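In case you want the letters, here they are:
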Amino acid sequence: MLKKIGRNDNCWCGSGRKYKACHMAMDEKIQQYKDMGYMVPGRKMIKNKEQLDGIRESGKVNIAILDYIAENIKVGMSTEEIDKMVYEKTLEYKGIPAPLNFEGYPKSVCTSINHEVCHGIPSNDIILQDGDIVNVDVSTIYKDYFSDSSRMFCIGEVSKEKKELVENSKKAVELGISLVKPWHRIGEMGNGIFEFAKSKGYSVVREVGGHGVGIEFHEEPFVSYSCPKESGVLMVPGMVFTIEPMINMGRSDIVMDDDNGWTIYTEDGMPSAQWEVMVAVTEDGCEIMAY
Ligand code: MF3
Ligand code: CO
């Protein structure tokens, strides 16, 4: 049960402002959508200005780390070396790598190559080969705020098919960004990505998706990219979540690594690609907080 707040009470968001001057009008609008049968976000999903500022700063660190990787990644390098770069850069920026020890995850970053869909674990034994496509997924804790984004890198001479998969996966995310609009369901964004991927002959992973982020690494809502248009939670200004569809050249089915309990592969062994951005819903669309 939510406590009833008076107009002149402090707003629930922690801004210190009076409710009537802060989230009251928004809450009334949310209630109207709820009455129409929409699934609406809980208060935890809606960030205040201070929190948005903190998440944005964290996102800047995440971007800088990915920029550093982009400058240095090359054929012949082990994924362990990528992990070391992420770890050291993150500390240099006074951040903490969010993956390290997260639910027992052993490294600072995920590096997923070719048919690895996500959560590839860096290792000295994994060497980037000419023709590989690799996802580097960086997540940072900075001043207690979380950020999360990932990019694909093409190593050396990559086949036309794989290059197109990488490019189209980026386009899918950019389409998703354009579909983030307040007072629309998040399914409109997810479904847009799904239809785009399908139109290119690809499939989209169903079991793993995006998530709310900011105060914690993974928050509600779960963000699907294989859902009907009229599904999912209502997008409301102040919500922060990731857009990170995993797009497969072949079938959508995935399998999990039995030995490490983390890495997910395509079942058919075909390549998979993923870009990830972190966005905040605004009054007229969204702000990209990490890319
Ligand atoms: N960065 C991943 C995501 O996009 C999460 C990885 S969890 C980890 O949600 F422990 F593997 F890092
Ligand atoms: Co994520």
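Structural data are supplied above this passage.
As the structure is a computational prediction, the values presented were derived from the model and not from experiment.

**Student:** Just give me the short version of the coordination of the cobalt ion (ligand 2), but keep the residues and values in it.
**Tutor:** Surrounding the cobalt ion (ligand 2) are the protein donor atoms D148 (OD), H211 (NE2), E244 (OE) and E276 (OE), which sit 2.1 to 2.2 Å from the metal. Seen from the cobalt ion (ligand 2), its 6 donor atoms lie at angles of 52 to 158°, and the figure they make is irregular. Here the donor residues of the cobalt ion (ligand 2) share one chain and are spaced in sequence as D-x62-H-x32-E-x31-E. With D148 in strand 5 (residues 145–154) and E276 in the loop between strand 13 (272–274) and strand 14 (277–281), the pair connects residues that are 128 residues apart, well separated along the chain. Per residue, the accessibility class of D148 equals that of E276, and both read buried.

**Student:** An account of the side chain of S123 is requested, with residue identities and associated values reported.
**Tutor:** Within the fold, S123 resides in the loop between strand 3 (116–118) and strand 4 (133–142). Looking at S123, the relative accessible area reads 18%, which means it is buried.

**Student:** I'd love a proper account of the sheet that holds strand 6 (residues 203–204), names of residues and values included.
**Tutor:** The sheet built from 3 strands is open, its strands ordered 6-10-13 with antiparallel pairing. Edge positions in the open sheet fall to strand 6 and strand 13, since each of these has one partner strand only. Bridge analysis of strand 10 (residues 246–248) against strand 13 gives 3 bridges, and the strand direction is antiparallel. In the strand pairing of strand 13, M246 is matched with Q274.

Parameters at a glance
Residues numbered from 1 in each chain as written. Chains lettered and ligands numbered in written order. Predicted model: local features only at pLDDT ≥ 70, side-chain atom pairs only at ≥ 80, totals over all residues. Heavy atoms only, no water. Donors = N, O, S within 2.8 Å, 3.2 Å for Na, K, Ca; no water. Tetrahedral: all angles 85-135°; square planar, octahedral: opposite > 155°, others 65-115°. Helix = DSSP H or I, 4+ residues; strand = E, 2+ residues; numbered from the N terminus. Buried < 20%, exposed > 50% of the residue type's maximum accessible area, 1.4 Å probe, protein only. Pairing = 2+ DSSP bridges.

By themselves, these figures tell us nothing about what the structure is for.
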